[in-house]
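Spelled out from the first residue to the last, the chains are:
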Amino acid sequence: EILSAKQRQALPPNVVTCTAAINACGRAGHWEHALLLATSMCTRGLNPDAVCSIAAASACERSSRWTLALQLIAAMPLV
């Protein structure tokens, strides 16, 4: 909903706003929404950075989705 409201204001989402939304979903226990946001970033033309990936992994971890959290961390590109 946060990103939808931002789009209605004609302000395109960016990596920072998506990461903030992923963090908010994770803190609220909505790990599915966090993952949906993270995976939809590429279709929006955004490249998730390490902070975004860790936020998504953290959202999974907070909901005891350890396997998903580890998969996200393992899939992160090495810098």
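Every value quoted in this text rests on a predicted model; they were computed, and no experiment measured them.

**Quick look at the packing of helix α2 (residues 15-27) against helix α4 (residues 50-62)**
Packed helices, taken two at a time, are described by the angle between their axes plus the distance between the axes.
Next up, step 1: Packing of α2 against α4 brings their axes to within 8 Å, and their N-to-C directions diverge by 10°. Between α2 and α4, the angle is such that the two are roughly parallel. Contacts from Thr19, Ile22, Asn23, Gly26 and Arg27 in α2 reach Val51, Cys52, Ala55, Ala56, Ala59 and Arg62 in α4.
Next up, step 2: Of the residues that constitute the contact of α2 with α4, the class distribution is six nonpolar, three polar and two charged.

**Brief notes about unusual backbone geometry**
Next up, step 1: Even without being a glycine, Ser64 presents a positive backbone phi close to 60°.
Next up, step 2: Inspection of the secondary structure assignment puts Ser64 in the loop between α4 and α5 (66-75).

**Things to note about α2**
Next up, step 1: Here α2 spans 18 Å end to end across 13 residues, near enough to the 18 Å set by a 1.5 Å rise per residue.
Next up, step 2: Every buried residue of α2 is accounted for by Val15, Cys18, Thr19, Ala21, Ile22, Cys25 and Gly26. Buried residues of α2, viewed axially, fall in a sector of 160°; they line one side. Every exposed residue of α2 that faces more than 90 degrees away from the buried side is listed here: Val16 and Arg27.
Next up, step 3: Structurally, the start of α2 carries an N-cap: the backbone nitrogen of Val16 is 3.0 Å from a side-chain oxygen of Asn14.
Next up, step 4: Looking one or two places after α2, you find Gly29, whose phi comes out positive at around 85°.

Cut-off values and rules
- Residues numbered from 1 in each chain as written.
- Predicted model: local features only at pLDDT ≥ 70, side-chain atom pairs only at ≥ 80, totals over all residues.
- Heavy atoms only, no water.
- Axes fitted to C-alpha atoms, helices over the stretch in contact; angles between N-to-C directions.
- Helix = DSSP H or I, 4+ residues; strand = E, 2+ residues; numbered from the N terminus.
- Parallel < 35°, antiparallel > 145°, perpendicular 65-115°, else oblique.
- Contact = heavy atoms within 4.5 Å.
- Nonpolar A, V, L, I, M, F, W, Y, C, P; charged D, E, K, R; others polar.
- Expected span 1.5 Å × (residues − 1).
- Buried < 20%, exposed > 50% of the residue type's maximum accessible area, 1.4 Å probe, protein only.
- Arc of directions from axis to C-beta.
- Polar contact = N/O pair within 3.5 Å; in protein donor to acceptor, adjacent residues only side chain to side chain.

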